[in-house]
Amino acid sequence: MTKITVIGGGITGLTAAYELSKSGFQVTVIEQDENLGGQAGTFRLENALLEKYYHHLFSSDAHIIGLIDELGLRGKLLWLDSRTGVFHKGRIYPFVSPVDLLRFEPLSIADRVRLGLMYLRLRRFKDWHRLEQITARDWVIHHGSRRIYDVLWGPLLRGKFAEAADEVSMTWLWGKISLRGSSRSRDMTREKLGYLAGSFQVIIDALAQAVRDRGGEIWTGVRAKRVLVEGNRVQGLELEPANGSIDAATPVPRAIHCDSVIATVPSHTFLKIVPEIPERYADKLRKVRYQVAICVILELARSLSRIYWLNISEESFPFVGVIEHTNLVPPSEYGGNNVVYVTNYVSPSDPILGLAADEVVRSYLPFLRKINASFEESWIRSYRVYRDESGQPIVVTGYSEEIPSHETPVAGLYLANTTQIYPEDRGTNYSVRLGQDISAIVRSAF
Ligand SMILES: Cc1cc2nc3c(=O)[nH]c(=O)nc-3n(C[C@H](O)[C@H](O)[C@H](O)COP(=O)(O)OP(=O)(O)OC[C@H]3O[C@@H](n4cnc5c(N)ncnc54)[C@H](O)[C@@H]3O)c2cc1C
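Residues numbered from 1 in each chain as written. Predicted model: local features only at pLDDT ≥ 70, side-chain atom pairs only at ≥ 80, totals over all residues. Heavy atoms only, no water.

**Notes on the site of the ligand**
As a structural note, the neighbourhood of the ligand is formed by 29 residues, with Thr12, Glu31, Gln39, His55 and Thr428 the closest of them. In this structure, an oxygen atom belonging to the ligand sits 2.7 Å away from a main-chain N or O atom of glutamine 39. Against a free-state accessible area of 1000 Å², the protein chains account for coverage of 93% of the ligand. Of all the secondary structure elements, the ones that give two or more residues to the shell around the ligand are α1 (11–22), β2 (26–31), β10 (222–230) and α12 (428–444). Looking at the shell around the ligand element by element, the count peaks at three residues for β10. Among the residues forming the shell around the ligand, the class breakdown is 10 nonpolar, 16 polar and three charged. (Near = heavy atom within 4 Å. Polar contact = N/O pair within 3.5 Å; in protein donor to acceptor, adjacent residues only side chain to side chain. Areas by Shrake-Rupley, 256 points an atom, 1.4 Å probe, with all protein chains shown as cover. Helix = DSSP H or I, 4+ residues; strand = E, 2+ residues; numbered from the N terminus. Nonpolar A, V, L, I, M, F, W, Y, C, P; charged D, E, K, R; others polar.)

Shown next as structure tokens:
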């Protein structure tokens, strides 16, 4: 039986393992964390499971919706009313419908009309290649106005990409705007977003179970230390315990031999575990940079606002979005408490990454008070801070030429990670597509 090892038990790795096990391959998944799920992973909050990073689906997310159906989970996929807003100069503006846009006072009437036309144009736009060489900044200023950029998109781009904001391609912004539009009603007055009853852990567990049911193995708490290569062909993997030690009592060996390896790890990890990867490919991997995602989760006694997704259009704020999860899923799911994600993306050298969790939360408090003047620290029942080094690939102009291929120069070794999702922005839907694509490539090699 052909043996395939998948490094990484996130959505991409589990989807690939599921697809290959359906085709009769002997699959082993290696995940360094104790729990599966990667960026879509969860933790226990009260009596429920909750994502470490906010997660929802759009109605256009056909790949993951198809997989949810195939796994028999359709009944768990809920489509819930969502409210989007923008916080600007001390006020929250609802931002879903054309009427909201027309009422958006920070822009002049002429700019509101320009912005509306810009949205319409982008939603109809299909040929993203034509947007690839222009930065989001230049496109918005040229087709909208300087003020639209300064009030709306500039702060968001800088919030998400920091000093790299001015390099970000218009393709990225097009992907964001057209996706968001796809989850709105025909008259654009309402937005529905998808969420799995019981959290995204439901699909992660179902994938893992389906792999095991077909004879696949999944090892957690085990790290791929090095890909074993001989004569430019993959031989297997050297393993190490992520915590503690692999001793004689554990069933996990120090090395595993296999016919192919699919790595679903970030590009910088791939470079570490395959030091002999030829320079031309390594150079491509080095070129794509990531922003670190830093997400504070607050369990609050009271609600912060009525908005689910609040974009912060204020450069002085230390975060770019406030996602009040319990404005999508009712607080009753979490012991009656309100769950709020405060999200930010920073460069790997940002000093905030050196702060302890309580220091991060403390530094956010005055800004939460600006969003809701009655907010008090005593509302906080619990908090957590999660960081992901590879939270957001930086999609610059001409990105399609920078994307490393799935097939690496080492025979039998494949790469599938979020830097290869394009022209759309990374998301679980595209990780499912990635897992399906990579499994088709591996299948065709045998
Ligand atoms: C802040 C944030 C918000 C998001 N919001 C949404 C959303 O609303 N909707 C949506 O659809 N998507 C969202 N996403 C994106 C979505 O979570 C990702 O696209 C998807 O989970 C990526 O899956 P992956 O398997 O490719 O990567 P990962 O989830 O990163 O999985 C890679 C796995 O590899 C493991 N690993 C790494 N190195 C090793 C090693 N040496 N040995 C063994 N294992 C290793 C890691 O522990 C990890 O589990 C969000 C992501 C972030 C960061």
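What follows picks up the thread again.
**A word on the side chain of serine 267**
With respect to the helices and strands, serine 267 occurs in helix α9 (residues 267–273). A distance of 3.1 Å separates the side chain of serine 267 from the side chain of asparagine 417, its partner in a polar contact. Excluding its chain neighbours within four sequence positions, the residues that come into contact with serine 267 are Leu285, Tyr290, Asn417 and Thr419. (Contact = heavy atoms within 4.5 Å.)

**Focus on the pattern of salt bridges**
With the rule as written, the count across this model stands at 19 salt bridges. The partner of lysine 192 in a salt bridge is aspartate 81, and the shortest N-O contact between them spans 2.9 Å. Remark: aspartate 81 occurs in strand β5 (residues 77–82) and lysine 192 occurs in strand β8 (residues 191–196); sequence separation between them is 111 residues. Relative accessible area serves as the criterion here: at 48%, aspartate 81 is assigned to the partly exposed category. Ionic pairing is found between arginine 114 and aspartate 111, a salt bridge with its closest N-O pair at 2.5 Å. Of this pair, arginine 114 and aspartate 111 both sit in helix α4 (residues 109–124), separated by three residues, roughly a single helical turn. For aspartate 111, a relative accessible area of 6% puts it in the buried group. One salt-bridge network, in which partners are shared between bridges, spans Glu19, Lys22 and Glu70. (Salt bridge = Lys/Arg side-chain N within 4 Å of Asp/Glu carboxyl O. Buried < 20%, exposed > 50% of the residue type's maximum accessible area, 1.4 Å probe, protein only.)

**Here we look at helix α10 (residues 279–287)**
Residues of α10 that are buried include every one of Tyr281, Ala282 and Leu285, and no others. Each buried residue of α10 sits inside an arc of 100° when the element is viewed along its axis, so together they form one side. Turned more than 90 degrees away from the buried face of α10 sit Arg280 and Lys287, all of them exposed. Taken together, the buried residues of α10 touch α9 and β19 (413–415). (Arc of directions from axis to C-beta.)

**Examining the pairing of strand β14 (residues 290–300)**
Counting buried residues along β14, 11 of its 11 residues qualify, which places the element largely inside the surrounding structure. Of the two faces of β14, the one carrying Tyr290, Val292, Ile294, Val296, Leu298 and Leu300 and the one carrying Gln291, Ala293, Cys295, Ile297 and Glu299 are both buried. As paired strands, β14 and strand β18 (residues 380–393) are joined by 10 bridges and run antiparallel to one another. In the sheet register, cysteine 295 faces β18, and the bridge partner there is tyrosine 386. With nine bridges connecting them, β14 and strand β17 (residues 338–346) associate as antiparallel partners. Each bridged residue has a counterpart across the sheet, and for leucine 300 the counterpart in β17 is asparagine 338. (Pairing = 2+ DSSP bridges.)

**Section: unusual backbone geometry**
Comment: phi is negative for the bulk of residues other than glycine, and the bulk of peptide bonds are trans. A cis geometry characterises the amide bond from tyrosine 422 onward to proline 423, with omega recorded as 10°. Among the structural elements, proline 423 can be located in the loop between β19 and α12. Its identity as a non-glycine residue notwithstanding, glutamate 46 has a phi of 55°, on the positive side. Structurally, the position occupied by glutamate 46 is in the loop between β3 (42–45) and β4 (48–51). Its identity as a non-glycine residue notwithstanding, alanine 162 has a phi of 50°, on the positive side.

**Some words on the sheet that holds β10**
Across the sheet, three strands lie side by side as β10-β11-β12; this open sheet has antiparallel pairing. Among the strands making up the open sheet, the edge pair consists of β10 and β12 (255–257). The average angle at which neighbouring strand axes cross in this sheet is 25°, direction not considered. Where β10 meets strand β11 (residues 233–241), eight bridges bridge the pair, whose relative direction is antiparallel. In the sheet register, valine 222 faces β11, and the bridge partner there is proline 241. (Axes fitted to C-alpha atoms, helices over the stretch in contact; angles between N-to-C directions.)

**Examining the packing of α1 against helix α8 (residues 201–213)**
Two elements in contact, α1 and α8, have axes separated by 9 Å at closest approach and are oriented at 30°. Pair α1 / α8 crosses with left-handed handedness. Contacts between α1 and α8 involve Ile11, Leu14, Thr15, Ala17, Tyr18 and Ser21 on the former and, on the latter, Ile203, Ile204, Leu207, Ala210 and Val211. Class assignment of the residues belonging to the contact of α1 with α8 gives a composition of nine nonpolar, two polar and no charged. (Left-handed = near helix turned anticlockwise from the far one by under 90°.)

**A word on the nonpolar core**
Counting 102 residues, the largest nonpolar core has Leu71, Leu115, Leu152, Trp153, Leu157, Ile203 and Ile262 as its most contacted members. Aside from chain neighbours lying at most four places away, what touches tryptophan 153 is Leu115, Met118, Tyr119, Val140, Ile148, Leu173 and Ile177. Val292, Val346, Trp379 and Val385 belong to the second-largest nonpolar core, a separate cluster that totals 28 residues. (Core = buried A, V, L, I, M, F, W, Y, C linked by side-chain atoms within 4.5 Å.)

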